[in-house]
Amino acid sequence: MALTALLSVSDKTGILEFAQALHRLGCKLLSTGGTAKLLMENGLPVTEVAEHTGFPEMMDGRVKTLHPKIHGGLLARSDVPEHVAAMNQHGITRIDILAVNLYPFEATVAKAGCTLEDAIENIDIGGPAMVRSAAKNWKDVAVLTDAAQYAGVLAELQAGGISASTRFQLSVAAFNRIAQYDAAISNYLSSVQSDGSLAPYPGQMNSCFVKVQDLRYGENSHQSAALYRDLFPAPGSLVTGKQLQGKELSYNNIADADAAWECVKSFTAPACVIVKHANPCGVAVATSPAEAYAKAFKTDPTSAFGGIIAFNREVDGAAAELVSKQFVEVLMAPSFSAEALAVFKSKVNVRLLQIDLPPGGDTAWLQGRNAGDSKRVGSGLLLQSADNHFLKREDLKVVTTLKPTEQQIDDLMFAWNVAQYVKSNAIVFCGGGMTLGVGAGQMSRVDSTKIAAIKAANAGLELKGSVVASDAFFPFRDGLDVLADAGASCVIQPGGSMRDEEVIAAANERGVAMVFTGIRHFRH
């Protein structure tokens, strides 16, 4: 008996070719609306659903496939005699293949100026209902919800029939698509406020992620873990990368790699970032990747051992030769030269990740940032917009008698950029386009300052004349005094403390220039 296929798609990509192939295989074609018109115009014998059901489309197409002859044909089980008898009694034809994609709700609400009425009219009813029916009855029906599935199904049909395994996988994909679609509708509608505007956070948050891979274990070996990505990941984000060689990435590798990648792509000049335990332990900009790496490594060679290294330029042979001299867990860059790949070919455990930078330039920082951040808290979830504030030179407010030089302002901007990626409390000493000492994650800002100075001393780096970035204000002058004692000549900080005047007075007393940004960068 010939198979029956029902084709009803909003996105008509590939549907004509799919229908033509089905026709050549002897399939009977059912279709609706614009899809039926397209197939008829191209000479295919198509039965419209209205003719098949004996019931006309109505209400501007809102009601057309919601009929027992459609859902009975999709839901009837061939292995249940009562189902077969009911079909025969009521003249219901089995539907063996269903190809449906849904009204473009997500694309509609993403458009500027989309109204609630626009959104409502793009909520598909009949499509999801058919998809659910077919997916539930996957043992008898193959349901296709994406044009990318057409070729594989045709290949199996041509080879003799669609396997049970394929039908089940198509069913899973179909239910996933319905979940995504309903989540998008819920997120949008629960964001609509009384005046028609959209709240930044919906009344119910429905998130959909796609599993990339299972991981060997989590943060510790007794924890299980897996990596998921957004349905539509931001261009230039870590999960868009391709692993060229090396061992499987671990949970900690991925977390640290994300920290390194987000930091390095925020620079316009050739840059290198070395991360250990989620904190940058060395950052530098230079005229070449090799020089940037050499400078970044000097900051803290001890912590760099077994670290994660990121470049925002192609890794060439010179940079690869330098990096290969240390133990590195993950090395990532927009690309690797043939010479660089040859250097690491023998180091089979080194994980090389190639990640395209966001479109629009070398960094396109704001485009490549995640749209928001989340954190689990018990049985709750904290959501916030991404910390993607971009500081401009004209935003700086000089608050001391002594003014910073142009070179100091360059270093202050660099230091401030690095501080954004250091765990709070963060203190970052810099000079000459490189980090000199990094103090991270301390409960006391004074302790962070002392740790940064100790690390600089351990690395043999001179802090006299350096600049310092603090991710938040100094609540007392003691922090300012400690960094001045260490040799800092210029400070960048948010300001906003009740004791700002006390801190400014201390800076004037110690001969330290200081600028306020008016914004902080806590990172927890």
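Summarised in this report is the structure supplied together with it. Please read these numbers as outputs of a predicted model, since none were measured by experiment.

## What about a nonpolar patch on the surface?
Phase 1: The grouping of Tyr201, Met205, Leu381 and Leu383 at the surface amounts to a nonpolar patch, some 370 Å² of accessible area in total.
Phase 2: Overall, the relative accessible area of 43% leaves Leu381 in the partly exposed class.

## Focus: the pattern of salt bridges
A side chain with one charge can pair with a side chain of the opposite charge if their charged atoms come near.
Phase 1: This structure, assessed with the given rule, holds 13 salt bridges.
Phase 2: In this structure, Arg393 engages Glu406 in a salt bridge whose closest nitrogen and oxygen atoms are separated by 2.9 Å. Note that Arg393 is positioned in the loop between strand S15 (380-385) and strand S16 (397-398) and Glu406 in helix H17 (residues 406-419), a separation of 13 residues in sequence.
Phase 3: Judged by relative accessible area, Arg393 falls into the partly exposed class, the value being 36%.
Phase 4: Residue Glu406 is classed as exposed on the basis of its relative accessible area of 55%.
Phase 5: Bridged by salt links that share partners, the residues Arg477, Asp481, Asp485, Glu509 and Arg510 form one connected network.

## As for the packing of helix H1 (residues 15-24) against helix H9 (residues 150-158)
Phase 1: Closest axis-to-axis distance for the H1/H9 pair is 11 Å, and the angle between their directions is 5°. It follows from the interaxial angle that H1 and H9 lie roughly parallel. Where H1 abuts H9, its residues Ile15, Phe18, Ala21 and Leu22 lie against Tyr150, Leu154 and Leu157.
Phase 2: Its residues assigned to classes, the contact of H1 with H9 shows seven nonpolar, no polar and no charged.

## Let's talk about the sheet that holds strand S5 (residues 142-144)
Phase 1: With parallel pairing, the five strands of this open sheet are ordered in space as S3-S2-S1-S4-S5. Looking at which strands have only one partner, the edges of the open sheet turn out to be strand S3 (46-48) and S5. Across the sheet, the mean angle from the axis of one strand to that of its neighbour is 20°, orientation sign disregarded.
Phase 2: For strand S1 (residues 4-9) and strand S4 (residues 97-101), the ladder comprises five bridges, and the chain directions are parallel. In the sheet register, Leu6 faces S4, and the bridge partner there is Leu98.

## Notes on the packing of aromatic side chains
Phase 1: Using the criterion set out here, one finds seven aromatic pairs in the structure.
Phase 2: An aromatic cluster of at least three residues, connected via ring pairs, comprises Phe105, Tyr181 and Tyr188.

## Re the side chain of His67
Phase 1: Structurally, His67 can be placed in the loop between helix H3 (49-53) and helix H4 (68-75).
Phase 2: Every residue in contact with His67, bar those within four places of it in the chain, is listed here: Thr53 and Phe55.

## Quick look at helix H18 (residues 445-458)
Phase 1: Look at H18: 20 Å from first C-alpha to last across 14 residues, which is about the 20 Å you get at 1.5 Å a residue.
Phase 2: Among all positions of H18, only Arg445, Val446, Ser448, Thr449, Ala452 and Ala456 are buried. Down the axis of H18, the sector holding all buried residues measures 165°, keeping them to one side. Set apart from the buried face of H18 by more than 90 degrees, the exposed residues are Ala457 and Asn458.
Phase 3: Residues of H18 that are buried in the fold lie against strand S17 (427-431), strand S18 (434-439), strand S19 (466-470) and helix H19 (477-486).

## Topic: helix H20 (residues 500-510)
Phase 1: Every buried residue belonging to H20 is among Asp500, Val503, Ile504, Ala506 and Ala507, and all of these are buried. Around the axis of H20, the buried residues are gathered within 160° of arc, so they sit on the same side. Exposed residues lying more than 90 degrees from the buried face of H20 are Glu501 and Glu509.
Phase 2: Those residues of H20 that are buried are in contact with H19, strand S20 (488-493) and strand S21 (513-516).
Phase 3: Of the residues one or two after H20, Gly511 is the one with positive phi, at around 70°.

## Side note on unusual backbone geometry
Phase 1: Asn425 follows Ser424 through a cis peptide bond whose omega is -5°.
Phase 2: You will see that His277, though not glycine, has its phi angle at about 50°, which is positive.
Phase 3: Along the chain, the position of His277 falls in the loop between strand S9 (271-276) and strand S10 (279-285).

## Brief notes about the state of the cysteines
Phase 1: According to the stated counting rule, one finds zero disulfides in the structure shown.
Phase 2: Cys430 carries a free sulfur, and the closest cysteine sulfur to it, the one in Cys263, is 10 Å from it.
Phase 3: Taking relative accessible area as the criterion, Cys430 reaches 0% and is therefore assigned buried.

Rules used throughout
- Residues numbered from 1 in each chain as written.
- Predicted model: local features only at pLDDT ≥ 70, side-chain atom pairs only at ≥ 80, totals over all residues.
- Heavy atoms only, no water.
- Patch = residues over 30% accessible without salt bridge, like charges linked within 9 Å, V, L, I, M, F, W, Y side chains within 5 Å.
- Areas by Shrake-Rupley, 256 points an atom, 1.4 Å probe, with all protein chains shown as cover.
- Salt bridge = Lys/Arg side-chain N within 4 Å of Asp/Glu carboxyl O.
- Buried < 20%, exposed > 50% of the residue type's maximum accessible area, 1.4 Å probe, protein only.
- Helix = DSSP H or I, 4+ residues; strand = E, 2+ residues; numbered from the N terminus.
- Axes fitted to C-alpha atoms, helices over the stretch in contact; angles between N-to-C directions.
- Parallel < 35°, antiparallel > 145°, perpendicular 65-115°, else oblique.
- Contact = heavy atoms within 4.5 Å.
- Nonpolar A, V, L, I, M, F, W, Y, C, P; charged D, E, K, R; others polar.
- Pairing = 2+ DSSP bridges.
- Phe/Tyr/Trp six-rings, centres within 6.5 Å; stacked < 30°, edge-to-face > 60°.
- Expected span 1.5 Å × (residues − 1).
- Arc of directions from axis to C-beta.
- Disulfide = S-S within 2.5 Å.

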